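Now for the letters of each chain:
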Amino acid sequence: PQLTTEQSATIQTLLVDAVSKRLDELRGGGDPEELEAIGELELPRDLAVRASMAAARALLDQGERVACHEYLVKVDQSYPLHARRAESGRLLFEAGHSLAIDEGTYFGFLSYRPLATPVLEYFVQNHPEHPDGPKAYSLLAAMYEEERAFANAIRRNRDLLLEYPGSYQAVAARARIPHLRLAQLSSPEYDRIELKIAQGELLSWLEDHGAHVLGAEVRIDLADCLQRLTDSDLSIARFYETVENSTGFEFHARRALEEARQGGNEEQVAEAMDLLTAASLANSK
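To start, this report covers the structure provided alongside it. Everything numeric here is computed off the predicted structure, so don't read it as measured data.

Some thoughts on the pattern of salt bridges
Part 1 of the argument: In total, this model carries 23 salt bridges according to the counting rule given.
Part 2 of the argument: Notably, a salt bridge pairs R57 with D61, separated by 3.4 Å at the nearest N-O pair. With R57 and D61 both in helix 3 (residues 45–61) and four residues apart, the pair spans about one turn of that helix.
Part 3 of the argument: Judged by relative accessible area, which is 27%, R57 ranks as partly exposed.

Below is the structure:
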């Protein structure tokens with residue numbers, strides 16, 4: 001409080017010069033705690049953020065990936081829309097990617113991989129312009145699929161298509177969405193709408209990318225989808241047979257036969273033909 005304005009300005013200038021030189025000395029290394037302490041000094045915004053980015057890099061270099069993420073969130077809160085967002089995004093992606101591909105454990109039995117989810121979620125939500133966005137969305141979708149969180153996996157694949165439609169990962173994401181729809185269905189009798197959506201997505205993908213290396217997998221999914229649709233119609237046809245509704249019985253038996261032929265399952269074809277024969281006899285009485 002006793003300092004004059006001129007003295008305060010002189011001291012601030014010396015502080016800025018000293019911090020700049022110290023950051024130059026620590027370039028490419030340094031103690032994260034020292035760098036965090038520098039970032040908390042009363043410095044100009046750009047210099048404080050520079051120190052903070054150096055601290056985050058030091059944490060990442062020491063393998064403290066979760067701490068790096070937490071610290072970068074803190075920096076974003078202190079300095080919204082700062083000028084080093086590209087660097088921050090790069091550090092976040094490196095931390096999340098490293099966790100996502102880490103097959104090791106901590107505490108002897110806990111996997112590192114799930115720790116990547118909040119890091120990559122923060123990354124895609126706060127750095128939508130980053131070139132590593134497609135990779136992050138793909139990793140998130142894959143991790144959600146592993147956890148059987150199929151709705152989240154579909155959502156992140158759809159976001160990839162929306163944000164990066166021309167990316168290398170977009171073709172695979174588009175193929176994976178109907179696969180995930182099929183994976184999350186447990187009852188073909190009550191999920192016909194989702195099955196039809198998946199069928200449309202698979203047919204559309206094959207129309208656009210039929211020669212792609214993923215084409216064989218997509219055709220397997222399409223056959224699975226058609227066989228489930230057949231099972232649905234076979235089940236409904238049997239119900240109408242039981243309640244003696246001959247019109248419904250024949251309609252669903254006939255549709256089951258068409259789907260079975262498209263799906264290529266000979267057993268389903270034979271079953272549908274038997275039901276359709278029975279339905280035709282019932283209608284003729």
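What about helix 7 (residues 133–146)?
Part 1 of the argument: With 14 residues, helix 7 should reach 20 Å at 1.5 Å per residue; the first-to-last C-alpha distance of 20 Å fits that figure.
Part 2 of the argument: What helix 7 keeps buried is the set G133, P134, A136, Y137, L139, L140, A141, M143 and Y144.
Part 3 of the argument: If you follow the buried residues of helix 7, they end up packed against helix 5 (85–100), helix 6 (116–126) and helix 8 (150–163).
Part 4 of the argument: Immediately downstream of helix 7, the backbone of R148 shows phi near 65 degrees, a positive value.

Let's talk about the nonpolar core
Part 1 of the argument: L72 and L120 are the most contacted members of the largest nonpolar core, which totals 49 residues.
Part 2 of the argument: Considering every element that reaches this core, the biggest residue donor is helix 3, with ten residues.
Part 3 of the argument: Listed in part, the 15 residues of the second largest apolar core include L195, L202, W205 and C225.

Looking at a nonpolar patch on the surface
Part 1 of the argument: Taken together, F107, F109 and L110 make up a surface patch of nonpolar side chains, about 380 Å² in accessible area.
Part 2 of the argument: Tracing the chain through its elements places F107 in the loop between strand 1 (105–106) and strand 2 (110–111).
Part 3 of the argument: Judged by its relative accessible area of 71%, F107 is exposed.

Some words on the environment of L281
Part 1 of the argument: With respect to the helices and strands, L281 occurs in helix 13 (residues 266–284).
Part 2 of the argument: Judged by its relative accessible area of 51%, L281 falls in the exposed class.
Part 3 of the argument: Taking the C-alpha atoms as reference points, L281 and S246, 35 residues apart in sequence, are found 9.3 Å from one another.

Examining the side chain of D76
Part 1 of the argument: Its place among the elements puts D76 in helix 4 (residues 65–78).
Part 2 of the argument: Salt bridges are absent for the buried D76, whose nearest opposite-charge side chain, R85, sits at 4.5 Å.
Part 3 of the argument: A polar contact of 3.1 Å, which involves the side chain of D76, links it to the side chain of H82.
Part 4 of the argument: Excluding its chain neighbours within four sequence positions, the residues that come into contact with D76 are H82, S88 and Y122.

Concerning the packing of aromatic side chains
Part 1 of the argument: Taken as a whole, this structure holds five aromatic pairs when the rule is applied.
Part 2 of the argument: Ring centres of F93 and F123 lie 5.6 Å apart, and the angle between their planes is 45 degrees; this geometry places the pair in the tilted category. Of this pair, F93 sits in helix 5 while F123 sits in helix 6, placing them 30 residues apart in sequence. Of the two residues, F93 and F123, neither departs from the other in class, the shared state being buried.
Part 3 of the argument: Taken together through their ring pairs, the aromatic side chains of Y106, F107 and Y112 make up a single cluster.
Part 4 of the argument: The cationic tip of R65 hangs over the ring face of Y112; the distance from NZ or CZ to the ring centre is 4.9 Å.

Things to note about the layout of surface pockets
Part 1 of the argument: One number sums up the size of the largest pocket: a volume of about 230 Å³.
Part 2 of the argument: Lining the largest pocket we find 13 residues, and of these R27, G28, R50, A54 and E87 sit closest to its centre.
Part 3 of the argument: Ranked by residues supplied to the lining of the largest pocket, first place goes to helix 3 with six residues.
Part 4 of the argument: Counted by class, the lining of the largest pocket contains five nonpolar, two polar and six charged residues.

A look at the packing of helix 4 against helix 6
Part 1 of the argument: Relative orientation of the contacting elements helix 4 and helix 6 amounts to 30 degrees, with a least axis distance of 11 Å. Classified by the angle their axes make, helix 4 and helix 6 are roughly parallel. You can see that helix 4 and helix 6 cross each other, and the crossing is left-handed. Contact residues: H69, V73 and D76 in helix 4; P118, V119 and Y122 in helix 6.
Part 2 of the argument: Considered class by class, the residues forming the contact of helix 4 with helix 6 number four nonpolar, one polar and one charged.

Examining unusual backbone geometry
Part 1 of the argument: The phi angle at R148 is positive, at roughly 65 degrees, despite the residue not being glycine.
Part 2 of the argument: Tracing the backbone through its elements, the reader meets R148 in the loop between helix 7 and helix 8.
Part 3 of the argument: Its identity is not glycine, yet E244 carries a phi of approximately 60 degrees, on the positive side.
Part 4 of the argument: Note that E244 resides in the loop between helix 11 (215–242) and helix 12 (246–263).

Conventions used here
- Residues numbered from 1 in each chain as written.
- Predicted model: local features only at pLDDT ≥ 70, side-chain atom pairs only at ≥ 80, totals over all residues.
- Heavy atoms only, no water.
- Salt bridge = Lys/Arg side-chain N within 4 Å of Asp/Glu carboxyl O.
- Helix = DSSP H or I, 4+ residues; strand = E, 2+ residues; numbered from the N terminus.
- Buried < 20%, exposed > 50% of the residue type's maximum accessible area, 1.4 Å probe, protein only.
- Expected span 1.5 Å × (residues − 1).
- Contact = heavy atoms within 4.5 Å.
- Core = buried A, V, L, I, M, F, W, Y, C linked by side-chain atoms within 4.5 Å.
- Patch = residues over 30% accessible without salt bridge, like charges linked within 9 Å, V, L, I, M, F, W, Y side chains within 5 Å.
- Areas by Shrake-Rupley, 256 points an atom, 1.4 Å probe, with all protein chains shown as cover.
- Lys, Arg positive; Asp, Glu negative; His and termini not counted.
- Polar contact = N/O pair within 3.5 Å; in protein donor to acceptor, adjacent residues only side chain to side chain.
- Phe/Tyr/Trp six-rings, centres within 6.5 Å; stacked < 30°, edge-to-face > 60°.
- Lys NZ or Arg CZ within 6 Å of the ring centre and 35° of its normal.
- 1 Å grid on protein atoms, 1.4 Å probe; cavity = no way out; pocket = protein on both sides within 12 Å on 5 of 7 lines; lining within 4 Å.
- Points joined across faces, edges and corners; volume = space filled by probe spheres on them.
- Nonpolar A, V, L, I, M, F, W, Y, C, P; charged D, E, K, R; others polar.
- Axes fitted to C-alpha atoms, helices over the stretch in contact; angles between N-to-C directions.
- Parallel < 35°, antiparallel > 145°, perpendicular 65-115°, else oblique.
- Left-handed = near helix turned anticlockwise from the far one by under 90°.

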